[in-house]
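# Report on the structure
Chain residues, written in single-letter form:
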Amino acid sequence: QVQLVESGGGLVQAGGSLRLSCAASTSILNINAMGWYHQAPGKQRELVALITSGGSTHYADSVKGRFTISRDNAKNTVYLQMNSLKLEDTAVYSCYAAHNSYGAFWGQGTQVTVSS
C-alpha cells in the first residue's frame, strides 16, 4: 500500500501562486509515475500534470507555461508549482501514483480556490 498526503491548497487571488505537495509513504523510486488531477464541481476529474520515474513530464494544455511538476526522491515528495492562477483553476486537486508492484493510489485531495 502507498499512502499519499497532499498539502498546500487554499484560497488565492487570481494571478497568484500556490505550491502543492504530495508526500508518499514509501520510496517514490519504485513509482512509475506520479501526478496531479483536478476536479471542479459538476465536471469530470482531469489530468493536470504527470511526472515519470525518469523525469519526463506531461501537462494539460490549460496549464502549460503556468504550472510546473517536480519530484524530490530523497523526500518521497512530488510538487506542483502553480503560477498565474486563474478562476478556472478552482478545483479539488488530488495526487496520483502508479506503483510498479502495487498499482494505482490516490490522495484525499486538497481544495484550491482562486478568487477574483
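As the structure is a computational prediction, the values presented were derived from the model and not from experiment. (Residues numbered from 1 in each chain as written. Predicted model: local features only at pLDDT ≥ 70, side-chain atom pairs only at ≥ 80, totals over all residues. Heavy atoms only, no water.)

## Considering the overall build of the protein chain
Defined as follows: Segments assigned H or I by DSSP are reported as helices when at least four residues long, segments assigned E as strands when at least two residues long, and all are numbered from the N terminus. Burial classes: relative accessible area under 20% of the type maximum marks a residue as buried, over 50% as exposed, and values in between as partly exposed (1.4 Å probe, protein chains only). Pairs of residues are marked as contacts when any of their non-hydrogen atoms sit within 4.5 Å. All accessible areas in this document rest on Shrake-Rupley with a 1.4 Å probe, and a residue is counted as covered only by the protein chains that are shown. A positive count includes Lys and Arg, and a negative count includes Asp and Glu. His and the chain ends are not counted in either. To locate a charge, the coordinates of NZ of Lys, CZ of Arg, CG of Asp or CD of Glu are taken.
If you tally the helices and strands in the protein chain, you get zero helices and 11 strands. In sequence order, the protein chain lays out its α and β elements as β-β-β-β-β-β-β-β-β-β-β. Across the 116 residues that make up the protein chain, the buried fraction comes to 43%. In the protein chain, the share of contacts with a sequence separation of at least 24, taken over all contacts with a separation of at least 6, comes to 53%. Carbon and sulfur atoms make up 45% of the accessible area of the protein chain, which totals about 6,100 Å². Taken together, the 8 basic and 6 acidic charged side chains of the protein chain have centroids lying 3 Å from each other.

## Quick word on the environment of Val2
Summarising the element assignment, Val2 is placed in the segment before strand E1 (4-7). Counting along the chain gives 37 residues from Val2 to Gln39, while the straight-line C-alpha distance between them is 22 Å. With sequence-adjacent residues up to four places away left out, Val2 is seen in contact with Ala24, Ser25, Thr26, Ile31, His99, Tyr102 and Phe105.

## Points about the state of the cysteines
To keep things clear, this is the line we draw: Disulfides are defined as cysteine sulfur pairs within 2.5 Å.
Under the definition given, this model contains one disulfide. Each sulfur of the disulfide joining Cys22 and Cys95 lies 2.0 Å from the other. The sign of the -85 degrees torsion about the S-S bond sets the Cys22-Cys95 disulfide as left-handed. One end of the pair, Cys22, is in strand E3 (residues 18-24); the other, Cys95, is in strand E9 (residues 91-99), with 73 residues separating them in the sequence. Per residue, the accessibility class of Cys22 equals that of Cys95, and both read buried.

## Remarks on the pattern of salt bridges
So the rule is basically this: When a carboxyl oxygen of Asp or Glu is within 4 Å of a side-chain nitrogen of Lys or Arg, the pair counts as a salt bridge.
By the definition in use, this model includes two salt bridges. With a shortest N-O distance of 3.1 Å, Lys64 and Asp61 are connected by a salt bridge. Residue classification places Asp61 among the exposed residues on the basis of a relative accessible area of 64%. The partner of Asp89 in a salt bridge is Arg66, and the shortest N-O contact between them spans 2.8 Å. Here the residue Asp89 occupies a position in the loop between strand E8 (77-82) and E9, and Arg66 occupies one in the loop between strand E6 (57-59) and strand E7 (67-72), the gap between them amounting to 23 residues. One exposure class covers both Asp89 and Arg66, and it is buried.

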